[in-house]
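Residues per chain, in single letters:
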Amino acid sequence: MAEEFCRAVDDGIKLSRRIYFGKDRAVAPPKPPTMTERSSNALLPKAPMVYAVIYDPGMVDNPDIASYQPYVYGRCDPPALIPLQMNAVEMEIDCYLDTAFITVSGTWRLHCVTGSRSCDCRLAIPVGHQGSILGVEVNAPRKSYSTQLVVMDENQSATPAQNGGYLKSNIFTLIIPEIDGGSNLSIKMHWSQKVECSNGEYSLNVPFTFPDFVNPTGKRMSKREKIRLNVDVVAGSELLFKTTNHPLKEVRRHAGSMGFLCDNEVLSWSKDDFSVSYVVSSSHINGGVLLESASAHDFDQREIFYIYLSPGDIQNKNKKVFKKDIIFIIDISGSMQGKLMDDTKNALLDAVERASEWISTNFVAGGSTDISHPLNTAIEMLSSAQSSVPIIFLVTDGTVEDERQICAQVKNHMINGESICPRIYTFGIGLFCNHYFLRMLANIGRGQYDAALDVDLIEPRMLTLFEKASSLILANIKMDMLNEIDQVEVYPSNIPDLSLEGPLVLSGRYKGNFPETLKVNGIMADFSNFEIDLKIQRDKGLPVQRISARDQIEHLTAQAWLSDNKQLEQKVAKLSLQTGFISEYTSMIMLENDHLKKTKESPGAKEVSKKKHSKANDQGQKTILLPLLGIGFGNLTATTQNTPPGYEPKPEMPEIFKAASNCCDMVCGYCCCMCCIQCFSKMNNQCLTVLNQLCIGLGCLACFECCSLCCGGDDN
């Protein structure tokens with residue numbers, strides 16, 4: 001899909017040469033991309049972009065200056081995508097602890113379609129690390145659109161929606177229908193992404209690189225770029241701002257909170273992603289607890305808590321990490337061949353240099369996926385580990401039938417095991433593996449889970465997981481006081497170890513009174529006991545539920561999958577609707593409001609039948625269903641067939657169409673297309689009608705289309 005998208009954009013850029021910008025040489029058209037920029041995947045959006053969807057190349061023209069254009073025969077199939085010029089952009093970023101919320105507002109003009117025509121526009125939003133789309137709002141001259149999460153009924157049709165979806169795991173797309181040439185589109189986009197932590201430094205990278213050809217054409221087109229950044233950690237912490245690649249000016253500073261602003265007139269839009277880094281200074285392990293009361297409209301009226309534990313300054317040389325006994329369990333089934341296996345090897349070779357010869361010799365893709373036997377063997381091998389943390393890495397791109405049994409076996413071993421049981425770190429590749437199984441397995445094994453939904457992310461994400469496991473400084477963490485609170489739920493339920501590579505975060509719900517301090521116990525790398533009292537802070541301005549919503553949804557979904565519990569599925573759906581984060585049990589729709597008709601305020605989230613998704617209601621509001629945005633629960637069939645991740649099998653052709661195709665091959669094997677055209681030109685209308693009916697009866701759709709194009713309009 002990504003390659004097809006790039007080809008469509010390349011076609012659109014070539015097609016945009018038809019646009020006439022006048023005789024004034026000062027009004028130059030946007031610069032086309034270089035050959036390097038047109039290479040594979042180079043035309044994927046690196047910032048929010050809008051494209052005109054062009055089926056009919058004849059409509060491509062300047063809507064302001066009528067010009068003579070040679071007539072273009074044919075249609076673009078698939079359609080070309082012409083990047084629209086952007087007239088304004090503004091971005092606001094709110095960083096809270098390990099989560100950032102981004103809002104981008106921009107104005108784009110449909111500058112490439114004549115004013116008498118209209119076309120669809122395609123919005124593409126790239127998001128950063130572990131990003132999640134939260135909503136889109138569009139205002140056009142005649143209509144407005146907004147997205148909304150809903151719970152679908154169980155009787156919906158299996159026909160997939162075609163509007164939008166994920167182009168790649170980090171690029172969300174949306175079709176905005178029927179925009180008039182020359183119109184301006186005002187779009188506001190909301191998403192969240194994780195703030196990454198490495199070597200004690202927090203860093204955020206937001207896609208904000210715009211190509212030259214989106215700069216507006218004109219003599220004095222004002223381009224003002226505005227970026228507002230707010231960073232809030234915990235009150236009382238010392239926040240140290242380090243680097244940024246955009247000219248930010250400090251406008252606010254409080255304990256644990258800073259604000260910055262960039263508001264400049266620019267010659268061209270940003271050519272770099274927005275990046276910023278900062279540290280929360282502390283020389284020792286520290287943390288805190290944030291409490292928040294449930295809102296009046298919350299489906300769960302229990303109180304909300306958020307617990308964080310930070311490793312402190314990584315430059316402190318007195319911090320020791322645990323010794324480790326490590327076993328790697330790598331899926332070497334047939335689907336792991338090629339780039340997947342190469343990137344996995346490279347990640348392991350970087351992490352364990354002494355094992356390079358063994359890995360190169362034994363890692364040969366082939367056979368089927370088996371997880372249970374090697375996992376049980378690894379646990380037995382590490383059961384006698386002493387003075388170290390035993391760690392198992394499980395890497396797979398597939399799913400197996402006995403996943404629930406595997407979870408039960410590992411859970412039983414953890415209950416009956418030694419003081420430091422083997423930690424299980426899981427890594428999923430692509431969409432054919434069950435990521436919720438891997439997340440649950442890591443939770444049971446007190447490890448961590450990560451994934452690379454796109455093949456090109458395997459090596460960097462896997463190395464990040466290795467670094468987390470190799471820098472453990474506090475193990476067997478306990479918070480016994482949580483058990484004394486009424487109706488408490490903690491996510492994740494089994495507390496993982498604390499690593500130098502980022503904070504440990506827990507969240508959940510409770511009822512009643514929370515203790516004034518929370519006591520945390522654990523074991524240091526020298527196996528000495530550790531204890532710390534975390535202070536409680538209530539209503540400090542940080543949106544606790546919003547920060548923790550995505551992690552809670554993912555952990556609850558894993559629990560719902562493991563227990564096959566419908567009530568938990570409903571709970572996930574309610575939390576998804578309430579917070580705006582996508583889940584496996586909710587769908588996204590787009591509401592279209594026609595400004596020319598009397599409209600009423602759209603109703604709240606409710607169950608929607610797919611029968612209404614393409615129909616307008618009495619108030620002129622139309623509901624458009626978007627494709628499912630969840631990652632699903634794996635694909636056992638694809639795993640059994642050793643299908644590589646990212647492969648999209650074509651639908652099986654019915655037998656009657658296969659027979660027709662064979663028949664067509666035999667006929668067409670003895671004549672060329674020009675012979676067919678010369679033959680058909682001498683047929684009368686009755687003969688052509690019989691031939692068309694015969695083609696339809698045989699199912700020879702491709703030939704029918706060719707014949708219709710060749711013979712249309714011929715009266716002989």
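In every chain, residue numbers begin from 1 and rise along the written sequence. Given that the model is predicted, a residue must reach a pLDDT of at least 70 before its local features are reported, and side-chain atom pairs must reach 80 or more before they are shown or counted; all residues, however, enter totals for whole chains, interfaces and linings. Just so you know, side-chain values use all the structure's heavy atoms and leave hydrogens and water out.

Draft legend 1. Spotlight on the sheet that holds strand β12 (residues 201-206). For two strands to be treated as a pair, DSSP must find at least two bridges joining them. Each helix is a run of H or I in the DSSP string that is no shorter than four residues. Each strand is a run of E no shorter than two, and both are numbered from the N terminus. Taken in spatial order, the four strands of this open sheet run β11-β12-β17-β14, and their pairing is antiparallel. Because the sheet does not close on itself, it has two edges, and the strands there are β11 (196-198) and β14 (238-244). Looking at each pair of strands side by side, their axes are set apart by 30 degrees on average, direction ignored. When β12 meets strand β17 (residues 274-281), the two strands line up antiparallel, connected through five bridges. By the bridge assignment, Leu204 is partnered in β17 with Val276. To define axes, lines are fitted to C-alpha atoms, for helices over the stretch in contact only, and angles between the resulting N-to-C directions are given on a 0 to 180 degree scale.

Draft legend 2. Region of interest: the pairing of strand β18 (residues 286-292). Exposure is judged per residue with a 1.4 Å probe applied to protein chains only, and the accessible area is read against the type maximum: over 50% gives exposed, under 20% gives buried, and values in between give partly exposed. Counting buried residues in β18 gives six out of seven residues, a clear majority hidden from the surface. Note that β18 and strand β19 (residues 303-310) share seven bridges and pair antiparallel. Residue pairing across strands places Leu291 opposite Phe305, the latter belonging to β19.

Draft legend 3. Quick look at the nonpolar core. Buried residues of nine kinds, namely Ala, Val, Leu, Ile, Met, Phe, Trp, Tyr and Cys, make up a nonpolar core once their side-chain atoms join them within 4.5 Å. Judged by nonpolar contacts, the single largest core of 113 residues is most densely connected at Ile54, Ile93, Ile187 and Phe274. Tallying contributions element by element places helix α1 (residues 2-15) first for this core, with seven residues. Non-local contacts of Phe274, meaning those with residues more than four positions away in its chain, are made with Met91, Ile93, Leu204, Asn205, Val206, Phe208, Ile227, Leu229, Thr244, Asn245, His246 and Leu248. By the convention used here, residues are in contact when the closest approach between their heavy atoms is within 4.5 Å.

Draft legend 4. Looking closely at the pattern of salt bridges. A pairing counts as a salt bridge when a side-chain nitrogen of Lys or Arg comes within 4 Å of a carboxyl oxygen of Asp or Glu. Considering all chains together, one arrives at 27 salt bridges under this definition. A salt bridge links Lys194 to Asp98; the shortest N-O distance between them is 3.5 Å. One end of the pair, Lys194, is in strand β10 (residues 184-194); the other, Asp98, is in the loop between β3 (85-96) and β4 (99-109), with 96 residues separating them in the sequence. For Glu554, the salt bridge identified is with Arg439, shortest N-O distance 2.8 Å. Taken as a pair, Glu554 in helix α8 (residues 544-563) and Arg439 in helix α6 (residues 435-444) lie far apart in primary sequence, 115 residues in all. You can call Glu554 buried: its relative accessible area is 16%. The class for Arg439 is buried, based on a relative accessible area of 16%. The network of salt bridges with common partners includes Asp300, Arg302, Glu489 and Lys571.

Draft legend 5. Representation of the packing of α6 against α8. Following both chains from N to C, one finds α6 and α8 inclined at 100 degrees, their axes separated by 9 Å at the closest point. When the axis of α6 is compared with that of α8, the two are roughly perpendicular. Seen from α6, the contacting residues are Tyr436, Phe437, Arg439 and Met440; seen from α8, they are Glu554, His555, Thr557, Ala558, Gln559, Trp561 and Leu562. Of the residues belonging to the contact of α6 with α8, the class tally is six nonpolar, three polar and two charged. Any angle that falls under 35 degrees is termed roughly parallel, while one over 145 is termed roughly antiparallel, one within 65 to 115 roughly perpendicular, and all others oblique. Only Asp, Glu, Lys and Arg are considered charged, only Ala, Val, Leu, Ile, Met, Phe, Trp, Tyr, Cys and Pro nonpolar, and every remaining residue, Gly among them, polar.

Draft legend 6. The arrangement of unusual backbone geometry in detail. A cis amide bond links Asp77 with the next residue in sequence, Pro78, at an omega value of 5 degrees. Among the structural elements, Pro78 can be located in the loop between β1 (49-54) and β2 (80-83). Cis geometry marks the peptide bond from Tyr491 to Pro492, where omega comes out at -5 degrees. Structurally, Pro492 can be placed in the loop between β25 (486-491) and β26 (498-499). Notably, Gln130 is not glycine yet its phi reads approximately 50 degrees, a positive angle.

Draft legend 7. Spotlight on the packing of aromatic side chains. Only rings of Phe, Tyr and Trp enter the pairing, Trp through its six-membered ring, and a pair is recorded when the two centres are within 6.5 Å. The plane angle decides the type: under 30 degrees is stacked, over 60 is edge-to-face, the rest tilted. Tallied over the full model, the rule gives 17 aromatic pairs. Taking 5.8 Å as the distance between ring centres and 10 degrees as the angle between the ring planes, the aromatic pair formed by Tyr202 and Tyr278 counts as stacked. Taken together, the positions of Tyr202 in strand β12 and Tyr278 in strand β17 put the pair 76 residues apart, joining distant regions of the chain. Judged by its relative accessible area of 10%, Tyr202 is buried. Between Phe305 and Tyr510, the ring centres sit 6.2 Å apart and the planes meet at 45 degrees, which makes this aromatic pair tilted. With a gap of 205 residues between them, Phe305 in strand β19 and Tyr510 in strand β27 (residues 504-511) connect regions that are remote in the sequence. You'll find Phe305 and Tyr510 in the same group, each marked buried. Pairwise contacts between aromatic rings join Phe328, Phe393, Tyr425 and Phe466 into one cluster. Whether a charge sits over a ring depends on NZ of Lys or CZ of Arg being within 6 Å of the ring centre and within 35 degrees of the ring normal. Here Arg546 stacks its cationic end above the ring of Phe101, 3.8 Å away from the centre of that ring.

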